[in-house]
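Residue-level structural notes
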Amino acid sequence: MASGNKNLVKYFDIAGIAYHEDALMELADEDWEYQESKKQLIENGQTDEHIYKYSFLPKKVELIPEPDNPHDPNAIKVITDGVHVGYIKATECTAVKELLESGEVTDIQASIEGGQYKCITEDDDGEYDVETGFDPFEGTVRIYTPNPD
């Protein structure tokens, strides 16, 4: 796994996750923090942040060029743990292809978040409220290459 200053990291957005939500949910793990009470979350200092019902921790990420894609011959499919979750954002495909073709990629990782959440907020009177809602899913691919320094 890439870490420290031995690697450069480039970040790329995953597009089209909304079209793959059913498949994405195959990768979902219930987040234990979501089950904690309001009191526990306040004591843990977890206020003013979205705590999602599910977490997504992909272990294997594959980026697969799709030159026969009818919508975009530059498309790059994002597969996490064997599940198609979206595509590299169209404006970033050329940069990703160059990295993949360089032969210097040392690791590829992804993070995905969104969905049902709760958030503990404090009002002007010092009382805490629980807000619930749904954020659209979003994701980022991280591509690691050796640092030339």
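In this report, the structure presented in the accompanying data block is examined. (Residues numbered from 1 in each chain as written. Predicted model: local features only at pLDDT ≥ 70, side-chain atom pairs only at ≥ 80, totals over all residues. Heavy atoms only, no water.)

Once that is clear, we can look at the overall build of the chain. Across its full length, the chain holds 3 helices and 9 strands. What you see in the chain, going N to C, is helices and strands ordered as β-α-β-α-β-β-β-β-β-α-β-β. Seen through its C-alpha atoms, the chain measures out along the principal axes to roughly 55 × 40 × 25 Å. Residues counted as buried form 38% of the 149 residues belonging to the chain. Across the chain, contacts joining residues at least 24 apart in sequence account for 66% of those joining residues at least 6 apart. Split by element, the accessible area of the chain, about 9,100 Å² in all, is 46% carbon and sulfur. Side chains of the chain carry 12 positive and 33 negative charges; the gap between the two charge centres is 6 Å. (Helix = DSSP H or I, 4+ residues; strand = E, 2+ residues; numbered from the N terminus. Buried < 20%, exposed > 50% of the residue type's maximum accessible area, 1.4 Å probe, protein only. Contact = heavy atoms within 4.5 Å. Areas by Shrake-Rupley, 256 points an atom, 1.4 Å probe, with all protein chains shown as cover. Lys, Arg positive; Asp, Glu negative; His and termini not counted. Charge placed at Lys NZ, Arg CZ, Asp CG, Glu CD.)

This next bit is on a negative patch on the surface. The grouping of Asp48, Glu49, Glu122, Asp124, Asp125, Glu127 and Asp129 at the surface amounts to a negative patch. Its relative accessible area of 83% is what places Asp124 among the exposed residues. (Patch = residues over 30% accessible without salt bridge, like charges linked within 9 Å, V, L, I, M, F, W, Y side chains within 5 Å. Salt bridge = Lys/Arg side-chain N within 4 Å of Asp/Glu carboxyl O.)

Of note, Asn7 is situated in strand β1 (residues 7–15). At a separation of 3.1 Å, a polar atom in the side chain of Asn7 contacts the side chain of Thr106. (Polar contact = N/O pair within 3.5 Å; in protein donor to acceptor, adjacent residues only side chain to side chain.)

One open sheet holds the 7 strands; their spatial order is β3-β8-β9-β1-β7-β6-β5, and the pairing between them is antiparallel. Either end of the sheet is taken by a strand with one partner, and the two such strands are β3 (51–52) and β5 (61–65). As paired strands, β5 and strand β6 (residues 76–80) are joined by 5 bridges and run antiparallel to one another. Bridging from a neighbouring strand, Pro65 pairs with Ile76 of β6. Of the strands in this sheet, β1, β5, β6, β7 (83–88), β8 (107–122) and β9 (128–146) touch helix α3 (residues 93–102), which is tilted by about 135° from β1. (Pairing = 2+ DSSP bridges. Axes fitted to C-alpha atoms, helices over the stretch in contact; angles between N-to-C directions.)

According to the stated counting rule, one finds 3 aromatic pairs in the structure shown. Relative to Phe137, the ring of Phe56 has its centre 5.7 Å away and its plane inclined at 85°; by these criteria the two rings are edge-to-face. Of the two residues, Phe56 is situated in the loop between β4 (54–55) and β5 and Phe137 in strand β9; the sequence distance between them amounts to 81 residues. In this structure Phe56 comes out as buried when scored by relative accessible area, which is 5%. Seen from their ring centres, Phe134 and Phe137 are 5.8 Å apart, and the 85° between their planes marks the pair as edge-to-face. Feature note: the residues Phe56, Phe134 and Phe137 constitute an aromatic cluster, connected by ring pairs. The residue whose ring lies beneath Lys118 is Tyr34, and the NZ or CZ to ring-centre distance is 5.3 Å. (Phe/Tyr/Trp six-rings, centres within 6.5 Å; stacked < 30°, edge-to-face > 60°. Lys NZ or Arg CZ within 6 Å of the ring centre and 35° of its normal.)

Those residues of α3 lying buried are Cys93, Val96, Lys97 and Leu99. Projected down its long axis, α3 carries its buried residues within an arc of 160°, all on one side. Exposed residues pointing more than 90 degrees away from the buried face of α3 are listed as Glu98 and Glu101. Contact partners of the buried residues in α3: β1, β5, β6, β7 and β9. Gly103 lies just past α3 and shows a positive phi near 75°. (Arc of directions from axis to C-beta.)

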